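# Residue-level structure breakdown
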Amino acid sequence: MCGIFAYSGPNKKAGDIIISGLKKLEYRGYDSWGVAYCKDDKVDLMKKVGKIGEFNVKENPLPESTLAIGHSRWATHGGVTEANAHPHTDSEEKIAIVHNGIIENYRELKKELIEKGYEFKSETDTETIVHLLSDFCKTNDFITAAKLTLQKLKGRYAVLAIKCDEQKIVAARRGSPLIVGVGEKEYFVASDIPAFLEHTRKVMYIDDNEMVVVNDKPHFYELDTGKEVDKRVVEIDWEPESAEKGDFEHFMIKEIMEQKDTIYRAINQKDDEILRLAEEIKGAFGTTLIGCGTAAKVCHAASYIFSKVAKRHVNVVVGSEFPSYKDFLKEKSLVIAVSQSGETADTLEALEVAKEKGAKVLSIINVEGSTMDRMSDYAIHIKAGPEKAVASTKATTSQLAILTLLAYACNDELVEGKRLLIEAAGMINDMLNPRYEEHIQTLAEKIKDFESMYVIGKAVNYPMALEAAIKLQEVSYIHAEGFAGGELKHGPIALISEGTPCIALVANDETRTDVINNATEVKARGGYIIGVSPENDDIFDYWIKVPDGGNASPIINIIPVQLLAYKLAVLRQNNPDMPRNLAKSVTVK
Ligand code: F6R
């Protein structure tokens, strides 16, 4: 949620570097954007409403500068206007600030500042920070003033500030992501690595409750004590192209297609590590899977997989609800967090609660070095590479693959689990061909004008029906809902009218007959049945054939629905990479 980025170094195109970095962070927020750069000892600003992707920096280069910050916004406080877009400046225009997160006590702080005579130009919580900093600068040097300011802020945030007369960047994080990129005598600070990946693969991680000051080089301090901390430079193995669209029209379709490879990458883990973690699960007094949105659906699906494969019960709670369940946690409890970004605020808060109760935490995450990665006792990286489309696709199936592997490992069948997933990866490779895409395009054209659709499944395909519905909602904006097939007759079947599309996720197992019967009930009320199934059936009005992946069926079944959601989004002229109202990486509660 919100992308922030800073540059300091010898390159005089600091402003242009920020714009190109913000374009890579746009998936984090895209309702407005802005850049602040130093012109001598003063800040100059450029702010716009809309998507930064539409701004042509070649035609409109920014004036020369060697120090700049920028922001791509997902509005929290105040509407989408130029005034509310970041950066925000102090009244002398020497300091500029960008911020990701929420300052919970901004109202009190703002009141005090107004009483002192500060004038606010925006409705944001962020503007409070810049005036507070400027106030502390009256009696302190910039770094001390920054420490004092940050100590007064409550909430989760990542903040970047520049002071032009001192040519310094100050950055700090408390619960929202922020990473330093280390180039040749130049430094970057960003919410996420893709912002500076074209410049450097060397990074330094800022931990929570730390502040970094960049002038000659980065100096790290603990926020609460002010003590300086040593940091290592780490080289990450992402290729710059992995964060680019390449020949694809959108990131979403690129990431769907990448699933030919990402399942292999996910399961390419050290066997002894997976076996060790399986022992942790077996030894725990209760295991709870937590995640938000799509990751929560993955957790829900995994509970079926653990039951079937490992004959083991695992609990599932959505991240935002988990704190209310904390009373059953013990020191021997295990909490498994599933997250693409490793930065989702609700999941992070759940993990903090788990840790307070002494429970052990295992994270299954994509972004290495993320907050979840660093706060967990154990972590498995799914190695899907940057996922930039807001709707999760490749991370989802990789998370499912890892959890399936763990379930097999819990049943002392790691080899069998790997074999199943390798075969599934091969099947996905065969399935994702141009003819398949065309078949789904044809379906999308048939149903694109409906305003409601439903997805049903049973057993592990029930959470996949819920996930299918999220995918359709997010990018096509069609009202979509997922149900356990058996539940329809208890209420939702009243929603079916003539022609309503209903996707049935049908596995080739003991659940097949039931789901076909549920689909038949829908058809009897006029529903248009789209069967996602290895076998055809008379009841299907449209059949999307999927390979029979056995216990890997949830991984395979979701892929055609991801493709359908993408095709519907494009046909309905939505931008599938940046759906309205949403942002990748939800770092606010
Ligand atoms: C939906 C989607 C979201 C995320 C959720 C959690 O396509 O991507 O529902 O799954 O916001 O995000 P992570 O996985 O980063 O914790």
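The paragraphs below set out a description of the structure included in this document. (Residues numbered from 1 in each chain as written. Predicted model: local features only at pLDDT ≥ 70, side-chain atom pairs only at ≥ 80, totals over all residues. Heavy atoms only, no water.)

## Section: the site of the ligand
Close to the ligand lie 14 residues, the nearest being S339, Q340, S341, T344 and E474. Between the ligand and V390, the relevant distance is 3.3 Å, taken from an oxygen atom to a main-chain nitrogen or oxygen of the residue. In the model, an oxygen atom of the ligand is placed 2.7 Å from a nitrogen or oxygen of the E474 side chain. Computed on the free molecule, the ligand has an accessible area of 400 Å², of which 88% lies beneath the protein chains in the complex. Those elements giving two or more residues to the shell around the ligand turn out to be α8 (294–310) and α14 (461–476). In terms of residue class, the shell around the ligand is made up of five nonpolar, seven polar and two charged. (Near = heavy atom within 4 Å. Polar contact = N/O pair within 3.5 Å; in protein donor to acceptor, adjacent residues only side chain to side chain. Areas by Shrake-Rupley, 256 points an atom, 1.4 Å probe, with all protein chains shown as cover. Helix = DSSP H or I, 4+ residues; strand = E, 2+ residues; numbered from the N terminus. Nonpolar A, V, L, I, M, F, W, Y, C, P; charged D, E, K, R; others polar.)

## Digging into the sheet that holds strand β23 (residues 501–505)
Strand order in this open sheet of five strands is β22-β21-β23-β24-β25, and the pairing throughout is parallel. The open sheet has two edge strands, β22 (479–484) and β25 (542–545), and neither has a second partner. Between one strand axis and the next, the sheet turns by 20° as a mean value, whatever way the strands run. Looking at chain direction, strand β21 (residues 452–457) and β22 are connected through six bridges and run parallel. Along β22, the bridge assignment pairs Y454 with E481. (Pairing = 2+ DSSP bridges. Axes fitted to C-alpha atoms, helices over the stretch in contact; angles between N-to-C directions.)

## A few points about the nonpolar core
In terms of nonpolar packing, the biggest core is built from 90 residues, with F306, L406, L472, I503 and L564 touching the most fellow members. L406 has contacts with I274, L277, A278, I281, F306, L362, I364 and I380, leaving out every residue within four places of it along the chain. (Core = buried A, V, L, I, M, F, W, Y, C linked by side-chain atoms within 4.5 Å. Buried < 20%, exposed > 50% of the residue type's maximum accessible area, 1.4 Å probe, protein only. Contact = heavy atoms within 4.5 Å.)

## Looking at helix α1 (residues 14–25)
A rise of 1.5 Å per residue sets the reference length of α1, with its 12 residues, at 16 Å; its end C-alpha atoms lie 16 Å apart and thus fit the reference within 8%. Burial analysis of α1 places 10 of its 12 residues in the buried class, which makes it a mostly covered element. Contact partners of the buried residues in α1: β1 (3–8), β2 (32–39), β3 (42–49), β4 (67–73) and β10 (187–190). (Expected span 1.5 Å × (residues − 1).)

## Observations regarding the environment of P554
Within the element layout of this structure, P554 appears in helix α16 (residues 553–571). In this structure P554 comes out as buried when scored by relative accessible area, which is 1%. Residues P554 and V460 lie 94 residues apart in sequence; the distance between their C-alpha atoms is 6.7 Å. If we skip the residues at most four places from it in the chain, P554 touches I305, L400, V460, N461 and M464.

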